[in-house]
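# Geometric and topological summary
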Amino acid sequence: FHVKPVHASIPQYVGSELHFTCGYEVQSISTTAKSIELQFKNESKRSGFVYLYIPSFSRAIHVTMNRISVRPEIVTRTPQVIRGNITYGGQIIRVYLVMNGSSTDGNVSCQFR
């Protein structure tokens, strides 16, 4: 696994407090224009914050951790940049992930408007 290039209009995994090396803690990432889902490697017990970039200023954000709804914390908002008729910007959110070492642990999913 490797860290992907930054794109202002795509949700992205920023990082976490779970890492051993840059991105090694992530098993898979799936994104759409309005969602991001991460599966972390879950063979050991650990917990910490997961940071995500959401390319939206909306507070209508639904996050689940291991399929349970949780409330994300908005860490910061990026500046809004307008280039022609395209607007970029968004926010960095964090969610606390707890893994107990079971096969159902390690999933973070976020949908937004």
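Summarised in this report is the structure supplied together with it. (Residues numbered from 1 in each chain as written. Predicted model: local features only at pLDDT ≥ 70, side-chain atom pairs only at ≥ 80, totals over all residues. Heavy atoms only, no water.)

## Overview of the packing of aromatic side chains
Per the stated rule, a full pass over the model turns up three aromatic pairs. Look at Phe-49 and Tyr-51: their rings are 6.4 Å apart centre to centre, the planes differ by 50°, and that puts the pair in the tilted class. Geometrically, the ring pair formed by Phe-49 and Tyr-96 is edge-to-face, given 5.1 Å between the ring centres and 75° between the ring planes. You can see Phe-49 sitting in strand E4 (residues 45-54) and its partner Tyr-96 sitting in strand E10 (residues 91-100), a full 47 residues away along the chain. Owing to a relative accessible area of 39%, Tyr-96 belongs among the partly exposed residues under this scheme. Residue placement shows Arg-94 over the ring face of Phe-49; its charged tip is 3.7 Å from the ring centre. (Phe/Tyr/Trp six-rings, centres within 6.5 Å; stacked < 30°, edge-to-face > 60°. Helix = DSSP H or I, 4+ residues; strand = E, 2+ residues; numbered from the N terminus. Buried < 20%, exposed > 50% of the residue type's maximum accessible area, 1.4 Å probe, protein only. Lys NZ or Arg CZ within 6 Å of the ring centre and 35° of its normal.)

## A closer look at the pairing of strand E3 (residues 35-40)
Among the six residues that make up E3, five are buried, leaving the element largely enclosed by the rest of the structure. By the bridge criterion, six bridges tie strand E2 (residues 26-32) to E3 in an arrangement that is antiparallel. Among the inter-strand pairings, Ser-28 is bridged to a residue of E3, identified as Gln-39. Count of turn residues in the E2/E3 antiparallel hairpin: two residues. Alignment of E3 against strand E11 (residues 107-112), held across five bridges, turns out to be antiparallel. Paired with Ile-36 across the two strands is Cys-110, which belongs to E11. (Pairing = 2+ DSSP bridges.)

## A word on the nonpolar core
Counting residues in each nonpolar core, the largest one holds 19 residues, and the members touching the most others are Phe-40, Val-50, Leu-52, Leu-97 and Cys-110. Contributions of two or more residues to this core are made by E3, E4, strand E5 (61-65), E10 and E11. No other element matches E10, which puts four residues into this core. When sequence neighbours within four positions are dropped, the list of residues in contact with Cys-110 reads Lys-34, Ser-35, Ile-36, Leu-52, Ile-54, Ile-61, His-62, Val-63 and Ile-93. (Core = buried A, V, L, I, M, F, W, Y, C linked by side-chain atoms within 4.5 Å. Contact = heavy atoms within 4.5 Å.)

## Thoughts on the sheet that holds E10
On the basis of which strands lie adjacent, the open sheet formed by four strands has the order E1-E4-E10-E7 and antiparallel pairing. For this open sheet the edge positions go to strand E1 (12-16) and strand E7 (73-77), each flanked by a neighbour on one side alone. When strand polarity is set aside, the average angle formed by the axes of neighbouring strands in this sheet is 30°. The pairing of E4 with E10 spans 10 bridges and is antiparallel. Directly across from Lys-45, in E10, lies its bridge partner Asn-100. (Axes fitted to C-alpha atoms, helices over the stretch in contact; angles between N-to-C directions.)

Functional significance is not addressed by these values, which are geometric in nature.
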